[in-house]
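# Summary of structural features
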Amino acid sequence: MSDTNNTTTSDVKARDEVVRICQDLIGIDTSNYGTDKGPGERKAAEYVMSQFTEVGLEPELLESEPGRASVVVRIEGEDSSRGALVVHGHLDVVPANADDWQVDPFAAEIKDDCVWGRGAVDMKDMDAMIIANVRELVRSGKKPPRDLIIGMFADEEAGGIKGSHWLVDNRPDLFEGASEAISEVGGYSVTVPTKTGAQQRVYLLQTAEKGIAWLRLVAHGRAGHGSVPNDANAVVRLAEAIARISAHPWPREYIASVSLLLDGLCDITGIGYTPDDASELLQHIGGARGFVEGTLRDTANFTMLDSGYKHNVIPQTASASLDCRFLPGHEDDLMNVIRELAGEFVEVEVLHHDIALDAPVDGPLVAKMRSAVAAHDPEAVVLPYCLSGGTDNKALKKLGITGYGFAPLKLPADLDFAPMFHGIDERVPLESLRFGADVLGEFFRDC
């Protein structure tokens, strides 16, 4: 069987399909609003199923509830006695307001040699790289060195409760024998100046990530008429708690992955840093600076407010949503500080919680990721870093699976890539996708 260019199907490489698959995925709206609102992932999961079954695989589609679909398939390796490697992505995306974008966020338009659309960066680019390489691997008839467990999960953008966490809790058999995993938000490049004035490409390998505590602060007070003085005003009590928490100086601590990143950047650039100030050094890593600065300390950011129902009525309660991210080992301290600063009249509710991760920064798997990058960008430097957000690796950790972020992308020096995670005009260069497909394929053959 051949295509119109007389190329046999077995000759089709991952790099030949990755752009098409990325466009197809972006074109399926899988917006996750964190509520029952939204289209769900079923349509995208069915697309993934079709791409896998077309090459002879027998994947399983699993729904935690109607429409909230994930796909898992195991590919047998040469040595199944070795721990299996989980290679996973998520199918959902955060919502996009089309009026804010230069293009339709779900049209998957190619413009300026990039694929544009919601999910182009987070993370349908990596999904496409995985799918394309699975297809190439199966068509080749060759086995990977170890079992691969390929997962495309639902609901990551709302904490994975209906996706990875549901699968781990309800179908742990799918991950039997797995020891390690790779996924998103690592492996992309930044370009930094060297001591000699040259430019050096550095790939950021994600070896750690902060934990998550999504909290709601509920202030209690005395309801009353808006014209009457009230010394137990819930709105005021909430505002005072917000002010105390926002003003709190969270102490710095550089965990191993952060220190190694800063040391590596210092060696390349010749720019130093101190325990209290890394700003001069970090200004040279472009948009990735925000991600890295978020890992120098614990953080607590207010995101939503809710209070009252009429202008002249003092409400009995007022609430605020607080997004806390804590470094490995800091969870108890952070929660104690938040409760103390909230005060006696403000209750702290935990809406969602997930663990921090801290994986080894070296070892056989890390060496193979470095080797895969070097095969296609020999002059590159690979450095570890900690992610300020979270990934589905948190759920897999409950099964003892050690996770990394390795979605390799060789990016133009002037592309402000990292701020496009959840941002406007999300896009990924075509050549970056093809490069990533090549590197991931190299890794699959050597993992």
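Residues numbered from 1 in each chain as written. Predicted model: local features only at pLDDT ≥ 70, side-chain atom pairs only at ≥ 80, totals over all residues. Heavy atoms only, no water.

Take the sheet that holds strand E10 (residues 211–220) next. The antiparallel open sheet is built from 4 strands, whose spatial order is E12-E14-E10-E15. Strands at the two margins of the open sheet, each flanked by one partner only, are strand E12 (299–307) and strand E15 (346–354). Shown here is a sheet whose adjacent strand axes are inclined to one another by a mean of 20 degrees, direction ignored. Sheet topology note: the E10/strand E14 (residues 317–326) ladder contains 10 bridges and is antiparallel. Residue pairing across strands places Trp214 opposite Asp323, the latter belonging to E14. Against the sheet, helix H9 (residues 331–342) makes contact with E10, E12, E14 and E15, and its axis sits at roughly 155 degrees relative to E15, the strand it touches most. (Pairing = 2+ DSSP bridges. Helix = DSSP H or I, 4+ residues; strand = E, 2+ residues; numbered from the N terminus. Axes fitted to C-alpha atoms, helices over the stretch in contact; angles between N-to-C directions. Contact = heavy atoms within 4.5 Å.)

So, about the packing of helix H1 (residues 14–26) against helix H2 (residues 42–53). With their axes 10 Å apart at the nearest point, H1 and H2 run at an angle of 155 degrees to one another. As far as their axial angle goes, H2 and H1 are roughly antiparallel. The element H1 and its partner H2 pack so that their crossing is right-handed. Residues Arg20, Ile21, Asp24 and Leu25 of H1 form the contact with H2, whose participating residues are Tyr47, Val48 and Gln51. A per-class count over the contact of H1 with H2 returns 4 nonpolar, 1 polar and 2 charged. (Parallel < 35°, antiparallel > 145°, perpendicular 65-115°, else oblique. Left-handed = near helix turned anticlockwise from the far one by under 90°. Nonpolar A, V, L, I, M, F, W, Y, C, P; charged D, E, K, R; others polar.)

As a further point, take the confidence of the model for the chain. On average, the chain scores 95 in pLDDT, and the residues at 70 or more come to 98%. pLDDT under 50 marks residues 1–7. Its contacts with residues more than four places away, or in other chains, come to 4 contacts. (pLDDT = per-residue confidence, 0-100.)

A word on the packing of aromatic side chains. Per the stated rule, a full pass over the model turns up 8 aromatic pairs. On the numbers, 5.5 Å between centres and 45 degrees between planes, the contact of Tyr188 with Phe417 is tilted. Of this pair, Tyr188 sits in strand E8 (residues 188–193) while Phe417 sits in the loop between strand E18 (402–405) and strand E19 (427–429), and the two are 229 residues apart along the sequence. With a relative accessible area of 2%, Tyr188 lands in the buried category. Geometrically, the ring pair formed by Phe406 and Phe443 is edge-to-face, given 5.6 Å between the ring centres and 65 degrees between the ring planes. (Phe/Tyr/Trp six-rings, centres within 6.5 Å; stacked < 30°, edge-to-face > 60°. Buried < 20%, exposed > 50% of the residue type's maximum accessible area, 1.4 Å probe, protein only.)

How two helices sit against one another is set out by the angle between their axes and by the gap between those axes. Helix H12 (residues 430–444) packs onto H1 with a crossing angle of 130 degrees between their chain directions and a minimal axis gap of 8 Å. With respect to their mutual orientation, H1 and H12 come out oblique. Crossing angle aside, the handedness with which H1 passes H12 is right-handed. Between H1 and H12, the contacting residues are Ala14, Arg15, Val18, Val19 and Cys22 on the first element and Leu430, Leu433, Arg434, Phe435, Ala437 and Asp438 on the second. Along the lines of polarity and charge, the residues of the contact of H1 with H12 split into 8 nonpolar, no polar and 3 charged.

Another aspect to go through is H1. Quick reminder: α-helices carry 3.6 residues per turn. Residues three or four places apart thus point the same way. Look at H1: 18 Å from first C-alpha to last across 13 residues, which is about the 18 Å you get at 1.5 Å a residue. For H1, the complete set of buried residues consists of Ala14, Glu17, Val18, Val19, Ile21, Cys22, Leu25 and Ile26. The inward-facing, buried residues of H1 abut H2, strand E4 (110–111), strand E5 (114–116), helix H3 (124–140) and H12. (Expected span 1.5 Å × (residues − 1).)

Now for the side chain of Asp147. Here Asp147 is to be found in the loop between H3 and strand E6 (148–153). From its side chain, Asp147 meets the backbone nitrogen of Gly77 in a polar contact 2.7 Å long. The residues contacting Asp147, other than those within four sequence positions of it, are Arg74, Ile75, Glu76, Gly77, Ser80, Ala84 and Leu85. (Polar contact = N/O pair within 3.5 Å; in protein donor to acceptor, adjacent residues only side chain to side chain.)

So, on to the nonpolar core. Core analysis: the biggest nonpolar cluster contains 98 residues, and Tyr188 and Phe443 have the highest contact counts within it. Apart from residues no more than four positions distant in its own chain, Tyr188 is found in contact with Val202, Tyr203, Leu204, Ala288, Phe291, Tyr385, Ala407, Leu409, Leu411, Phe417 and Ala418. Formed by 23 residues, the second largest nonpolar core is a distinct cluster that contains Leu217, Ala300, Leu334 and Val348. (Core = buried A, V, L, I, M, F, W, Y, C linked by side-chain atoms within 4.5 Å.)

Summed over all chains, the structure comprises 28 salt bridges. Linking Arg20 and Asp24 is a salt bridge whose minimum nitrogen-to-oxygen distance equals 3.5 Å. Here the residue Arg20 and the residue Asp24 both occupy positions in helix H1, the gap between them amounting to 4 residues, near one helical turn. Judged by its relative accessible area of 31%, Arg20 falls in the partly exposed class. Since its relative accessible area comes to 29%, Asp24 is described here as partly exposed. Put simply, Glu209 and Lys394 hold a salt bridge, and the shortest N to O gap is 3.3 Å. Residue Glu209 is found in strand E9 (residues 199–209), and its partner Lys394 is found in helix H11 (residues 393–397); the two are separated by 185 residues along the sequence. (Salt bridge = Lys/Arg side-chain N within 4 Å of Asp/Glu carboxyl O.)

Moving on, we get to the sheet that holds E19. Reading across the sheet, the 3 strands line up as E4-E5-E19 and stay open at both edges, with antiparallel pairing between neighbours. Two strands bound the open sheet, and with one partner strand each, they are E4 and E19. Bridging between E4 and E5 involves 2 bridges; their strand directions are antiparallel. Note that in E5 the partner of Lys111 across the bridge is Cys114. Here H1 sits on the sheet and contacts E4 and E5; the angle it forms with E5, its principal contact strand, is near 15 degrees.

Looking at the element boundaries, Ala108 is found in the loop between strand E3 (84–90) and E4. In this structure, the C-alpha to C-alpha distance between Ala108 and Asp24, residues 84 residues apart in sequence, is 7.5 Å. In this view, Ala108 contacts Gln23, Ile26, Gly27, Val115 and Trp116; residues no more than four positions away in its chain are not counted.

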